[in-house]
Amino acid sequence: MTYLQAKELLERKGQMQLLAYYDELDESGKAKLLAAIENINWDFEDALANPVDMSGKDRDIRPSPGLRVSAIEAKKAEYEATGVAAIKAGKVAAVLLAGGMGTRLGVDGPKGAYDIGVTKPLYIFEQQMKNLLEVVEKCGVTVPLYIMTSDKNHEQTTSFWKEHNYFGYPETEVKFFKQDMAPAVDYDGKIILETKDTPALSPNGNGGWFASMQRAGLCEDLHKRGVEWLNIYAVDNVLQRIADPVFVGATILSGVNCGAKAIFKTEPHEKVGVLCMDGDQPDIIEYYELTDEMANQRDENGDLVYSYGVIMNYLFRLTKLEEIVDKKIPVHIVEKKIECLCADGVTRKPEKENGKKFEALAVDLIKLMGSVLPYEVVREKEFAPIKNKTGVDSVESARELLKLNGVTL
Ligand code: UTP
(Lines give C-alpha, C1' and ligand atoms only; values in the text may rest on other atoms or scores of the structure.)
Protein backbone atom coordinates (compact mmCIF):
# COMPACT_ATOMS: atom_id res chain seq x y z
CA MET A 1 0.00 0.00 0.00
CA THR A 2 1.35 3.45 -0.88
CA TYR A 3 1.19 6.47 1.39
CA LEU A 4 -1.51 8.02 -0.79
CA GLN A 5 -3.63 4.87 -0.66
CA ALA A 6 -3.26 4.73 3.13
CA LYS A 7 -4.20 8.40 3.43
CA GLU A 8 -7.27 7.95 1.27
CA LEU A 9 -8.38 4.91 3.30
CA LEU A 10 -7.80 6.52 6.68
CA GLU A 11 -9.51 9.77 5.70
CA ARG A 12 -12.52 7.77 4.68
CA LYS A 13 -12.43 5.79 7.94
CA GLY A 14 -11.75 8.84 10.15
CA GLN A 15 -8.47 7.31 11.39
CA MET A 16 -5.86 9.82 10.19
CA GLN A 17 -4.15 9.84 13.61
CA LEU A 18 -2.33 6.69 12.45
CA LEU A 19 -0.28 8.79 10.05
CA ALA A 20 0.50 11.54 12.58
CA TYR A 21 4.21 10.60 12.82
CA TYR A 22 4.69 9.30 9.28
CA ASP A 23 7.05 12.10 8.25
CA GLU A 24 9.34 11.40 11.23
CA LEU A 25 9.83 7.73 10.31
CA ASP A 26 12.75 6.28 8.40
CA GLU A 27 12.08 4.21 5.27
CA SER A 28 11.66 0.90 7.10
CA GLY A 29 9.35 2.49 9.69
CA LYS A 30 7.23 3.96 6.89
CA ALA A 31 7.00 0.60 5.14
CA LYS A 32 6.10 -1.12 8.43
CA LEU A 33 3.32 1.35 9.19
CA LEU A 34 1.85 1.16 5.68
CA ALA A 35 1.83 -2.66 5.83
CA ALA A 36 0.14 -2.55 9.23
CA ILE A 37 -2.53 -0.17 7.91
CA GLU A 38 -3.12 -2.40 4.91
CA ASN A 39 -3.66 -5.39 7.22
CA ILE A 40 -6.10 -3.77 9.61
CA ASN A 41 -9.22 -5.85 10.08
CA TRP A 42 -12.08 -3.33 10.03
CA ASP A 43 -14.71 -5.66 11.54
CA PHE A 44 -14.44 -3.65 14.75
CA GLU A 45 -16.38 -0.80 13.11
CA ASP A 46 -19.45 -3.01 12.93
CA ALA A 47 -18.91 -4.16 16.52
CA LEU A 48 -18.83 -0.52 17.68
CA ALA A 49 -21.85 0.45 15.61
CA ASN A 50 -23.90 -2.59 16.65
CA PRO A 51 -22.79 -3.67 20.13
CA VAL A 52 -23.78 -7.18 21.23
CA ASP A 53 -27.04 -7.17 23.16
CA MET A 54 -26.16 -8.67 26.54
CA SER A 55 -29.56 -8.11 28.10
CA GLY A 56 -30.74 -11.66 27.52
CA LYS A 57 -34.17 -10.47 26.44
CA ASP A 58 -36.03 -12.59 23.90
CA ARG A 59 -34.31 -15.69 25.20
CA ASP A 60 -36.25 -18.66 26.43
CA ILE A 61 -33.77 -19.83 29.05
CA ARG A 62 -34.21 -23.14 30.79
CA PRO A 63 -31.90 -25.53 32.60
CA SER A 64 -29.89 -28.00 30.60
CA PRO A 65 -29.78 -31.67 31.49
CA GLY A 66 -26.25 -32.97 31.87
CA LEU A 67 -24.12 -35.77 33.24
CA ARG A 68 -23.33 -35.67 36.95
CA VAL A 69 -20.24 -37.39 38.35
CA SER A 70 -22.34 -40.22 39.80
CA ALA A 71 -23.91 -40.96 36.39
CA ILE A 72 -20.47 -40.87 34.76
CA GLU A 73 -19.06 -43.24 37.37
CA ALA A 74 -21.91 -45.69 36.77
CA LYS A 75 -21.05 -45.95 33.06
CA LYS A 76 -17.35 -45.22 33.29
CA ALA A 77 -16.17 -48.51 31.80
CA GLU A 78 -18.38 -48.13 28.72
CA TYR A 79 -17.48 -44.47 28.19
CA GLU A 80 -13.80 -45.16 28.67
CA ALA A 81 -13.75 -48.07 26.21
CA THR A 82 -15.46 -45.91 23.56
CA GLY A 83 -13.09 -43.00 24.22
CA VAL A 84 -9.96 -45.16 24.13
CA ALA A 85 -11.11 -46.77 20.87
CA ALA A 86 -11.68 -43.34 19.28
CA ILE A 87 -8.27 -42.09 20.42
CA LYS A 88 -6.55 -45.26 19.22
CA ALA A 89 -8.26 -44.85 15.85
CA GLY A 90 -6.78 -41.31 15.59
CA LYS A 91 -10.19 -39.64 15.76
CA VAL A 92 -9.30 -37.18 18.52
CA ALA A 93 -6.98 -34.17 18.34
CA ALA A 94 -6.24 -31.54 20.97
CA VAL A 95 -6.19 -27.79 20.44
CA LEU A 96 -4.50 -25.57 22.99
CA LEU A 97 -5.76 -21.99 23.00
CA ALA A 98 -2.69 -20.03 23.97
CA GLY A 99 -3.07 -16.78 22.06
CA GLY A 100 -4.15 -14.70 25.07
CA MET A 101 -2.00 -11.99 26.62
CA GLY A 102 -2.32 -13.04 30.26
CA THR A 103 -2.55 -9.41 31.32
CA ARG A 104 -3.95 -10.21 34.76
CA LEU A 105 -1.01 -12.51 35.51
CA GLY A 106 1.21 -9.69 34.32
CA VAL A 107 3.91 -11.69 32.57
CA ASP A 108 5.75 -10.84 29.42
CA GLY A 109 5.53 -13.63 26.89
CA PRO A 110 3.38 -16.75 26.78
CA LYS A 111 1.40 -17.62 29.90
CA GLY A 112 2.23 -21.30 29.39
CA ALA A 113 5.93 -20.52 29.87
CA TYR A 114 5.21 -19.35 33.42
CA ASP A 115 7.14 -21.35 36.01
CA ILE A 116 4.81 -22.54 38.77
CA GLY A 117 7.46 -24.73 40.39
CA VAL A 118 8.74 -24.15 43.91
CA THR A 119 11.80 -26.36 44.38
CA LYS A 120 12.33 -26.99 40.66
CA PRO A 121 10.98 -25.45 37.48
CA LEU A 122 7.54 -26.60 36.38
CA TYR A 123 6.09 -24.69 33.46
CA ILE A 124 2.35 -24.51 32.83
CA PHE A 125 2.82 -26.06 29.35
CA GLU A 126 4.88 -28.84 30.90
CA GLN A 127 2.31 -29.68 33.57
CA GLN A 128 -0.46 -29.84 30.95
CA MET A 129 1.64 -32.08 28.74
CA LYS A 130 2.20 -34.47 31.65
CA ASN A 131 -1.56 -34.91 31.77
CA LEU A 132 -1.77 -35.52 28.03
CA LEU A 133 1.14 -37.96 28.15
CA GLU A 134 -0.81 -40.10 30.65
CA VAL A 135 -3.53 -40.53 28.01
CA VAL A 136 -0.93 -41.29 25.34
CA GLU A 137 0.53 -43.96 27.56
CA LYS A 138 -2.86 -45.46 28.30
CA CYS A 139 -3.97 -45.54 24.64
CA GLY A 140 -0.61 -46.35 23.06
CA VAL A 141 -0.93 -43.59 20.42
CA THR A 142 -0.13 -39.89 20.33
CA VAL A 143 -2.92 -37.36 20.08
CA PRO A 144 -2.13 -34.67 17.47
CA LEU A 145 -1.73 -31.33 19.19
CA TYR A 146 -2.44 -27.94 17.60
CA ILE A 147 -1.42 -24.81 19.46
CA MET A 148 -2.97 -21.42 18.80
CA THR A 149 -0.68 -18.45 19.36
CA SER A 150 -0.90 -14.81 18.33
CA ASP A 151 1.48 -12.28 16.80
CA LYS A 152 2.23 -11.19 20.37
CA ASN A 153 3.66 -14.51 21.51
CA HIS A 154 4.20 -16.79 18.50
CA GLU A 155 7.99 -16.64 18.29
CA GLN A 156 8.42 -16.98 22.05
CA THR A 157 5.97 -19.89 22.23
CA THR A 158 7.46 -21.89 19.39
CA SER A 159 11.02 -21.40 20.60
CA PHE A 160 10.00 -22.30 24.17
CA TRP A 161 8.53 -25.60 22.98
CA LYS A 162 11.59 -26.33 20.89
CA GLU A 163 13.96 -25.47 23.73
CA HIS A 164 12.06 -27.90 25.98
CA ASN A 165 11.98 -30.68 23.40
CA TYR A 166 8.21 -30.45 23.07
CA PHE A 167 7.89 -31.67 26.65
CA GLY A 168 8.45 -35.25 25.62
CA TYR A 169 6.03 -35.16 22.68
CA PRO A 170 7.08 -36.05 19.11
CA GLU A 171 7.73 -32.78 17.27
CA THR A 172 5.76 -34.00 14.26
CA GLU A 173 2.61 -34.22 16.41
CA VAL A 174 2.73 -30.55 17.44
CA LYS A 175 1.61 -27.82 15.03
CA PHE A 176 1.31 -24.12 15.75
CA PHE A 177 -1.05 -21.64 14.14
CA LYS A 178 -1.67 -17.97 14.69
CA GLN A 179 -4.99 -16.37 15.52
CA ASP A 180 -6.09 -13.05 14.05
CA MET A 181 -5.45 -9.66 15.56
CA ALA A 182 -7.87 -6.77 16.05
CA PRO A 183 -7.04 -3.10 16.56
CA ALA A 184 -7.56 -1.48 19.95
CA VAL A 185 -9.35 1.88 20.00
CA ASP A 186 -9.74 4.79 22.40
CA TYR A 187 -13.11 5.90 23.77
CA ASP A 188 -13.76 7.87 20.56
CA GLY A 189 -13.26 4.80 18.40
CA LYS A 190 -9.85 5.96 17.13
CA ILE A 191 -7.24 3.24 16.68
CA ILE A 192 -4.50 3.69 19.27
CA LEU A 193 -0.86 4.00 18.21
CA GLU A 194 1.46 1.79 20.23
CA THR A 195 4.57 3.32 18.70
CA LYS A 196 5.02 5.83 15.90
CA ASP A 197 5.02 3.06 13.29
CA THR A 198 2.71 0.50 14.96
CA PRO A 199 -1.04 0.59 15.56
CA ALA A 200 -2.05 -1.16 18.80
CA LEU A 201 -3.26 -4.63 17.88
CA SER A 202 -4.28 -7.44 20.18
CA PRO A 203 -5.47 -11.04 19.80
CA ASN A 204 -9.12 -11.05 18.73
CA GLY A 205 -10.39 -13.40 21.45
CA ASN A 206 -10.56 -17.18 21.66
CA GLY A 207 -13.80 -17.51 19.64
CA GLY A 208 -12.19 -17.48 16.22
CA TRP A 209 -9.91 -20.46 16.89
CA PHE A 210 -11.45 -22.78 14.32
CA ALA A 211 -11.61 -20.16 11.57
CA SER A 212 -7.93 -19.37 12.23
CA MET A 213 -7.08 -23.06 12.16
CA GLN A 214 -8.85 -23.43 8.86
CA ARG A 215 -7.12 -20.37 7.39
CA ALA A 216 -3.79 -21.88 8.43
CA GLY A 217 -4.61 -24.89 6.24
CA LEU A 218 -4.78 -27.29 9.16
CA CYS A 219 -8.17 -28.77 8.31
CA GLU A 220 -6.52 -30.73 5.53
CA ASP A 221 -4.15 -32.16 8.09
CA LEU A 222 -7.09 -33.10 10.33
CA HIS A 223 -8.86 -34.90 7.50
CA LYS A 224 -5.71 -36.63 6.35
CA ARG A 225 -5.27 -38.01 9.84
CA GLY A 226 -8.94 -39.04 10.13
CA VAL A 227 -9.65 -36.69 13.04
CA GLU A 228 -13.34 -36.36 13.94
CA TRP A 229 -13.24 -34.62 17.31
CA LEU A 230 -11.29 -31.60 18.56
CA ASN A 231 -10.66 -31.13 22.27
CA ILE A 232 -9.99 -27.45 22.89
CA TYR A 233 -8.60 -26.30 26.20
CA ALA A 234 -7.29 -23.16 27.88
CA VAL A 235 -3.66 -22.69 28.76
CA ASP A 236 -4.38 -21.48 32.25
CA ASN A 237 -5.84 -24.55 33.94
CA VAL A 238 -2.98 -26.66 35.26
CA LEU A 239 -5.24 -29.57 36.19
CA GLN A 240 -6.61 -29.72 32.66
CA ARG A 241 -7.36 -33.28 31.51
CA ILE A 242 -6.77 -33.37 27.78
CA ALA A 243 -8.31 -36.01 25.50
CA ASP A 244 -9.79 -37.58 28.61
CA PRO A 245 -11.06 -40.95 27.30
CA VAL A 246 -14.11 -41.05 29.61
CA PHE A 247 -15.19 -37.58 28.49
CA VAL A 248 -14.56 -38.45 24.84
CA GLY A 249 -16.59 -41.65 25.15
CA ALA A 250 -19.49 -39.97 26.98
CA THR A 251 -19.69 -37.24 24.33
CA ILE A 252 -19.60 -39.70 21.43
CA LEU A 253 -22.19 -42.02 22.96
CA SER A 254 -24.51 -39.11 23.75
CA GLY A 255 -24.78 -38.31 20.05
CA VAL A 256 -24.18 -34.57 20.61
CA ASN A 257 -22.00 -32.20 18.58
CA CYS A 258 -20.11 -30.90 21.58
CA GLY A 259 -19.14 -32.03 25.06
CA ALA A 260 -18.42 -29.38 27.70
CA LYS A 261 -16.57 -30.10 30.88
CA ALA A 262 -18.16 -28.24 33.76
CA ILE A 263 -17.88 -27.80 37.49
CA PHE A 264 -21.09 -28.12 39.46
CA LYS A 265 -22.06 -24.88 41.13
CA THR A 266 -22.84 -25.16 44.82
CA GLU A 267 -23.12 -21.44 45.51
CA PRO A 268 -25.93 -19.59 43.67
CA HIS A 269 -23.85 -16.54 42.77
CA GLU A 270 -20.56 -18.16 41.84
CA LYS A 271 -19.03 -16.19 38.97
CA VAL A 272 -19.06 -18.78 36.19
CA GLY A 273 -21.07 -18.94 32.99
CA VAL A 274 -23.57 -21.81 33.14
CA LEU A 275 -24.72 -24.11 30.38
CA CYS A 276 -28.42 -23.88 29.72
CA MET A 277 -30.91 -24.17 26.88
CA ASP A 278 -32.38 -21.26 24.96
CA GLY A 279 -35.48 -22.90 23.54
CA ASP A 280 -34.06 -26.01 21.94
CA GLN A 281 -30.55 -24.61 21.42
CA PRO A 282 -27.69 -24.86 23.90
CA ASP A 283 -26.53 -21.59 25.36
CA ILE A 284 -24.35 -20.22 28.10
CA ILE A 285 -25.79 -17.75 30.50
CA GLU A 286 -23.28 -15.50 32.22
CA TYR A 287 -23.47 -15.16 36.01
CA TYR A 288 -24.52 -11.50 35.73
CA GLU A 289 -27.43 -12.44 33.47
CA LEU A 290 -28.92 -14.87 36.02
CA THR A 291 -31.84 -13.40 37.94
CA ASP A 292 -31.89 -14.07 41.68
CA GLU A 293 -34.76 -16.44 41.14
CA MET A 294 -32.86 -18.46 38.53
CA ALA A 295 -29.64 -18.42 40.55
CA ASN A 296 -31.41 -19.85 43.60
CA GLN A 297 -33.69 -22.33 41.85
CA ARG A 298 -33.16 -25.90 43.12
CA ASP A 299 -34.37 -29.29 41.98
CA GLU A 300 -35.98 -32.06 44.05
CA ASN A 301 -32.53 -33.16 45.28
CA GLY A 302 -31.74 -29.68 46.52
CA ASP A 303 -29.18 -29.03 43.74
CA LEU A 304 -29.07 -25.72 41.89
CA VAL A 305 -30.75 -26.14 38.52
CA TYR A 306 -28.48 -23.65 36.70
CA SER A 307 -25.39 -25.41 37.84
CA TYR A 308 -23.01 -26.55 35.09
CA GLY A 309 -20.24 -23.92 35.10
CA VAL A 310 -17.98 -24.12 32.06
CA ILE A 311 -14.18 -24.46 32.44
CA MET A 312 -13.00 -24.06 28.84
CA ASN A 313 -12.53 -27.68 27.98
CA TYR A 314 -14.77 -28.68 25.08
CA LEU A 315 -14.91 -31.54 22.62
CA PHE A 316 -16.19 -30.43 19.21
CA ARG A 317 -17.41 -32.55 16.32
CA LEU A 318 -15.30 -31.52 13.30
CA THR A 319 -18.05 -31.84 10.68
CA LYS A 320 -20.32 -29.50 12.67
CA LEU A 321 -17.51 -26.97 13.10
CA GLU A 322 -16.99 -26.96 9.34
CA GLU A 323 -20.70 -26.41 8.81
CA ILE A 324 -20.85 -23.34 11.08
CA VAL A 325 -17.44 -21.80 10.52
CA ASP A 326 -18.74 -19.05 8.24
CA LYS A 327 -21.56 -18.07 10.59
CA LYS A 328 -21.06 -14.73 12.25
CA ILE A 329 -20.32 -14.82 15.95
CA PRO A 330 -20.70 -11.68 18.05
CA VAL A 331 -17.69 -9.47 18.73
CA HIS A 332 -17.57 -8.33 22.35
CA ILE A 333 -16.12 -4.98 23.37
CA VAL A 334 -13.90 -5.10 26.45
CA GLU A 335 -12.37 -2.13 28.24
CA LYS A 336 -8.66 -2.68 28.86
CA LYS A 337 -5.40 -0.97 29.70
CA ILE A 338 -3.77 -0.55 26.30
CA GLU A 339 -0.10 0.27 25.86
CA CYS A 340 0.07 3.49 23.93
CA LEU A 341 2.35 6.16 22.62
CA CYS A 342 2.27 9.09 25.05
CA ALA A 343 2.65 12.76 24.19
CA ASP A 344 6.36 12.62 25.12
CA GLY A 345 6.94 9.94 22.47
CA VAL A 346 7.35 7.10 25.00
CA THR A 347 5.15 3.96 24.97
CA ARG A 348 3.56 3.20 28.35
CA LYS A 349 0.92 0.98 29.87
CA PRO A 350 -1.67 3.19 31.58
CA GLU A 351 -2.74 2.73 35.21
CA LYS A 352 -6.41 2.72 34.26
CA GLU A 353 -8.41 1.40 31.32
CA ASN A 354 -7.88 3.74 28.39
CA GLY A 355 -9.69 2.05 25.54
CA LYS A 356 -11.44 -0.92 24.04
CA LYS A 357 -10.45 -4.26 22.57
CA PHE A 358 -12.58 -6.51 20.42
CA GLU A 359 -12.96 -10.20 21.16
CA ALA A 360 -14.98 -13.11 19.87
CA LEU A 361 -15.55 -15.72 22.58
CA ALA A 362 -15.49 -19.50 22.40
CA VAL A 363 -18.75 -19.63 24.38
CA ASP A 364 -20.54 -18.03 21.42
CA LEU A 365 -19.39 -20.88 19.22
CA ILE A 366 -21.00 -23.37 21.60
CA LYS A 367 -24.40 -21.88 20.84
CA LEU A 368 -24.00 -22.75 17.17
CA MET A 369 -23.14 -26.37 17.81
CA GLY A 370 -26.82 -27.34 18.09
CA SER A 371 -26.38 -29.83 20.92
CA VAL A 372 -24.08 -29.87 23.92
CA LEU A 373 -23.46 -32.34 26.71
CA PRO A 374 -22.65 -30.72 30.06
CA TYR A 375 -20.23 -33.12 31.74
CA GLU A 376 -19.45 -32.67 35.40
CA VAL A 377 -15.87 -32.92 36.63
CA VAL A 378 -14.67 -32.95 40.22
CA ARG A 379 -13.61 -29.37 40.77
CA GLU A 380 -10.58 -30.10 42.99
CA LYS A 381 -9.26 -32.64 40.51
CA GLU A 382 -9.66 -30.78 37.24
CA PHE A 383 -9.96 -27.08 37.80
CA ALA A 384 -6.99 -25.00 38.89
CA PRO A 385 -7.11 -21.82 36.80
CA ILE A 386 -4.29 -19.31 36.89
CA LYS A 387 -5.57 -15.86 36.07
CA ASN A 388 -3.82 -13.75 38.73
CA LYS A 389 -0.55 -13.81 40.68
CA THR A 390 -2.19 -14.00 44.09
CA GLY A 391 -5.65 -14.52 45.58
CA VAL A 392 -8.54 -16.11 43.71
CA ASP A 393 -7.61 -18.23 40.64
CA SER A 394 -3.94 -17.51 41.11
CA VAL A 395 -0.53 -19.12 41.03
CA GLU A 396 -0.93 -19.63 44.80
CA SER A 397 -4.33 -21.34 44.62
CA ALA A 398 -3.23 -23.50 41.66
CA ARG A 399 -0.13 -24.64 43.58
CA GLU A 400 -2.31 -25.73 46.49
CA LEU A 401 -4.56 -27.71 44.15
CA LEU A 402 -1.59 -29.31 42.41
CA LYS A 403 -0.22 -30.44 45.77
CA LEU A 404 -3.63 -31.82 46.68
CA ASN A 405 -3.42 -33.91 43.50
CA GLY A 406 -0.02 -35.28 44.40
CA VAL A 407 2.11 -33.10 42.13
CA THR A 408 5.53 -32.38 43.61
CA LEU A 409 6.39 -28.73 43.30
P1 UTP B 1 -8.58 -15.39 29.12
O2 UTP B 1 -9.93 -14.94 28.78
O3 UTP B 1 -8.31 -15.71 30.55
O4 UTP B 1 -7.55 -14.30 28.59
O5 UTP B 1 -8.23 -16.61 28.20
P6 UTP B 1 -5.98 -14.12 28.76
O7 UTP B 1 -5.57 -13.27 27.62
O8 UTP B 1 -5.23 -15.42 28.88
O9 UTP B 1 -5.80 -13.38 30.12
P10 UTP B 1 -6.12 -11.84 30.49
O11 UTP B 1 -7.60 -11.68 30.36
O12 UTP B 1 -5.34 -10.99 29.52
O13 UTP B 1 -5.61 -11.72 31.91
C14 UTP B 1 -8.77 -17.90 28.33
C15 UTP B 1 -8.03 -18.78 27.34
O16 UTP B 1 -8.24 -18.33 26.01
C17 UTP B 1 -7.00 -18.05 25.38
C18 UTP B 1 -6.01 -17.81 26.51
O19 UTP B 1 -4.69 -18.01 26.07
C20 UTP B 1 -6.51 -18.80 27.54
O21 UTP B 1 -6.05 -20.10 27.23
N22 UTP B 1 -7.14 -16.88 24.52
C23 UTP B 1 -7.68 -15.74 25.00
C24 UTP B 1 -6.70 -16.97 23.23
O25 UTP B 1 -6.18 -18.04 22.78
N26 UTP B 1 -6.83 -15.88 22.43
C27 UTP B 1 -7.36 -14.72 22.88
O28 UTP B 1 -7.45 -13.76 22.08
C29 UTP B 1 -7.81 -14.64 24.19
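In the block above lies the structure referred to throughout.
Report on the accompanying structure. (Residues numbered from 1 in each chain as written. Predicted model: local features only at pLDDT ≥ 70, side-chain atom pairs only at ≥ 80, totals over all residues. Heavy atoms only, no water.)

The next point concerns the pairing of strand S11 (residues 274–278). Summarising burial for S11: four of the five residues are buried, a large majority. Bridging between strand S1 (residues 61–63) and S11 involves three bridges; their strand directions are antiparallel. Counterpart to Arg-62 in the pairing with S11 is Met-277. Alignment of S11 against strand S12 (residues 281–285), held across five bridges, turns out to be antiparallel. Within S12, the residue paired with Val-274 across the bridge is Ile-285. Hairpin connection from S11 to S12: two residues lie between these consecutive antiparallel strands, with Gly-279 at a positive phi of about 65°. (Buried < 20%, exposed > 50% of the residue type's maximum accessible area, 1.4 Å probe, protein only. Helix = DSSP H or I, 4+ residues; strand = E, 2+ residues; numbered from the N terminus. Pairing = 2+ DSSP bridges.)

This part is about the site of the ligand. In the neighbourhood of the ligand, 20 residues make up the surrounding shell, with Leu-97, Thr-103, Arg-104, Gln-179 and Lys-387 lying closest. A distance of 3.3 Å separates an oxygen atom of the ligand from a polar backbone atom of Gly-102. For the ligand, whose free accessible area comes to 560 Å², the fraction covered by protein is 89%. For the shell around the ligand, the per-class residue count stands at eight nonpolar, seven polar and five charged. (Near = heavy atom within 4 Å. Polar contact = N/O pair within 3.5 Å; in protein donor to acceptor, adjacent residues only side chain to side chain. Areas by Shrake-Rupley, 256 points an atom, 1.4 Å probe, with all protein chains shown as cover. Nonpolar A, V, L, I, M, F, W, Y, C, P; charged D, E, K, R; others polar.)

Here we come to the nonpolar core. Core analysis: the largest hydrophobic core is formed by 59 residues, its most contacted members being Leu-96, Ile-116, Leu-145, Trp-161 and Tyr-169. In contact with Tyr-169, other than residues within four places in its own chain, are Met-129, Leu-132, Leu-133, Val-136, Thr-142, Val-143, Leu-145 and Val-174. Core analysis: the next-biggest nonpolar cluster, separate from the first, contains 39 residues, Val-227, Ile-232, Ile-284 and Leu-365 among them. (Core = buried A, V, L, I, M, F, W, Y, C linked by side-chain atoms within 4.5 Å. Contact = heavy atoms within 4.5 Å.)

So, on to the state of the cysteines. Across all of its chains, the model carries zero disulfides by this definition. Left unpaired, Cys-219 is separated from the closest cysteine sulfur, that of Cys-258, by 16 Å. For Cys-258, which is in no disulfide, the shortest distance to another cysteine sulfur is to Cys-276 and amounts to 14 Å. (Disulfide = S-S within 2.5 Å.)

We now examine the pairing of strand S3 (residues 145–149). Consecutive residues of a regular strand have side chains that alternate between opposite faces of the sheet. Counting buried positions along S3 yields five of five residues, so the element is predominantly enclosed. Across the two faces of S3 the burial is the same, with Leu-145, Ile-147 and Thr-149 and Tyr-146 and Met-148 all buried. Note that strand S2 (residues 92–97) and S3 share four bridges and pair parallel. Looking at the pairing, Ala-94 lines up with Leu-145 of S3. Note on the crossover from S2 through helix H6 (residues 124–139) to S3: the handedness is right-handed. Taken together, the five bridges between S3 and strand S4 (residues 174–178) define a ladder with parallel strand orientation. Counterpart to Met-148 in the pairing with S4 is Phe-177. Following the chain from S3 across helix H7 (residues 154–163) to the adjacent parallel S4, one finds a crossover that is right-handed. (Right-handed = clockwise from strand over helix to strand, strands pointing away.)

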